[in-house]
Amino acid sequence: MRFVYCPHCGTKLTEKEIGDEGLVPYCQKCNQPLFDMFSTCIIALVVNEQEEAALLRQEYISDHYCNLVSGYMKPGECAEETAQREIEEEIGIRIEKLDFAGTYWFGKKDMLMIGFIARCHKAQLELSNEVDAAEWVPVEEAIHRVHPKGSVSHELLEIYLKAKKE
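Bear in mind that the values here come from a model prediction, so they are computed numbers and not experimental data. (Residues numbered from 1 in each chain as written. Predicted model: local features only at pLDDT ≥ 70, side-chain atom pairs only at ≥ 80, totals over all residues. Heavy atoms only, no water.)

## Considerations on the pairing of strand 6 (residues 69-72)
Thought 1: Every second residue of strand 6 is oriented toward a common face, the buried set being Val 69 and Gly 71 and the non-buried set Ser 70 and Tyr 72.
Thought 2: Examined bridge by bridge, strand 4 (residues 39-48) and strand 6 share four bridges and lie antiparallel to one another. Note on strand 6: the bridge partner recorded for Cys 41 is Tyr 72. (Buried < 20%, exposed > 50% of the residue type's maximum accessible area, 1.4 Å probe, protein only. Helix = DSSP H or I, 4+ residues; strand = E, 2+ residues; numbered from the N terminus. Pairing = 2+ DSSP bridges.)

See the structure below:
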């Protein structure tokens, strides 16, 4: 989100050169730069000891592809806390191990996604209201059921499968 008006006083912003940042929206009245903002989310590939991935069906995201666990960070949370919370909220699974996989810009929604691979013991999936269905799927099959190559879900599965071969 790019500010046009100051969220503090309502004054229309000008642009001001701010160090290496270049031209930045600036409030003359508050004497303050207002840098662009974006949402920060996590996305997690949850894998059990039988090499199965938790795939979710969420109609509000896609009526064709499966999704991985994802969600917005809350103020005060670090990314790891968000990943643990979202995994428990969406599928009712407690994770044993959480590994950072990378960061991904999702331009379609102007969000930064922080990717993780989460390990857990296989258990019954207990779904939140925002998940229509979920199931454990062998990771080799899961890559064909998520959004196509180029998506964050696909990339996390590629990372996992590549590491598994090494």
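## A look at the environment of Asp 99
Thought 1: Position of Asp 99 relative to the elements: it lies in strand 7 (residues 97-106).
Thought 2: Counting along the chain gives 19 residues from Asp 99 to Ala 118, while the straight-line C-alpha distance between them is 6.3 Å.
Thought 3: Ignoring sequence-local partners within four residues, the contact set of Asp 99 consists of Gly 115, Phe 116 and Ile 117. (Contact = heavy atoms within 4.5 Å.)

## Description of helix 1 (residues 79-91)
Thought 1: In this model helix 1 runs 18 Å from its N-terminal to its C-terminal C-alpha over 13 residues, within 8% of the 18 Å that 1.5 Å per residue would give.
Thought 2: By the burial criterion, the buried members of helix 1 are Ala 79, Thr 82, Ala 83, Arg 85, Glu 86, Ile 87, Glu 90 and Ile 91.
Thought 3: On its buried face, helix 1 is in contact with strand 4, strand 5 (52-57), strand 6, strand 7, strand 8 (111-120) and strand 9 (133-138).
Thought 4: Within two residues after helix 1, Gly 92 carries a phi angle of roughly 70°, on the positive side. (Expected span 1.5 Å × (residues − 1).)

## Some remarks on the side chain of Ser 62
Thought 1: You can see Ser 62 is positioned in the loop between strand 5 and strand 6.
Thought 2: Overall, Ser 62 belongs to the buried group, its relative accessible area being 10%.
Thought 3: Engagement of the side chain of Ser 62 in a polar contact is seen with the backbone nitrogen of Tyr 65, the distance being 2.8 Å.
Thought 4: Among residues more than four places away in sequence, those in contact with Ser 62 are Arg 57 and His 147. (Polar contact = N/O pair within 3.5 Å; in protein donor to acceptor, adjacent residues only side chain to side chain.)

## Describing the nonpolar core
Thought 1: Core analysis: the largest hydrophobic core is formed by 22 residues, its most contacted members being Leu 45, Leu 55, Leu 68, Val 139, Leu 156 and Leu 157.
Thought 2: Secondary structure elements with two or more residues in this core: strand 4, strand 5, strand 8, helix 2 (139-142) and helix 3 (152-165).
Thought 3: Not counting residues up to four positions away in its chain, the partners in contact with Leu 55 are Cys 66, Asn 67, Leu 68, Ala 133, Ala 134, Glu 135, Val 137, Ala 142, Arg 145 and Val 146.
Thought 4: With 19 residues, the next largest nonpolar core counts Ala 54, Val 69, Ile 91 and Ala 118 among its residues. (Core = buried A, V, L, I, M, F, W, Y, C linked by side-chain atoms within 4.5 Å.)

## Focus on the pattern of salt bridges
Thought 1: This structure, assessed with the given rule, holds 14 salt bridges.
Thought 2: Of the charged contacts, one joins Glu 135 and Arg 145 as a salt bridge, the two residues approaching to 2.5 Å between their closest N and O atoms. Taken together, the residues Glu 135 in strand 9 and Arg 145 in the loop between helix 2 and helix 3 connect sequence positions ten residues apart.
Thought 3: Residue Lys 164 is joined to Glu 140 by a salt bridge in which the shortest nitrogen-to-oxygen separation is 2.5 Å. With a gap of 24 residues between them, Lys 164 in helix 3 and Glu 140 in helix 2 connect regions that are remote in the sequence.
Thought 4: The exposure class of Lys 164 is partly exposed, given its relative accessible area of 38%.
Thought 5: The network of salt bridges with common partners includes Glu 77, Arg 85, Glu 86 and Glu 89. (Salt bridge = Lys/Arg side-chain N within 4 Å of Asp/Glu carboxyl O.)

## A short note on helix 3
Thought 1: The first and last C-alpha atoms of helix 3 sit 20 Å apart over 14 residues, in line with the 20 Å expected at 1.5 Å per residue.
Thought 2: Within helix 3, burial applies to Val 152, Ser 153, His 154, Leu 156, Leu 157, Tyr 160 and Leu 161.
Thought 3: Here the buried face of helix 3 lies against strand 4, strand 7, strand 8 and helix 2.

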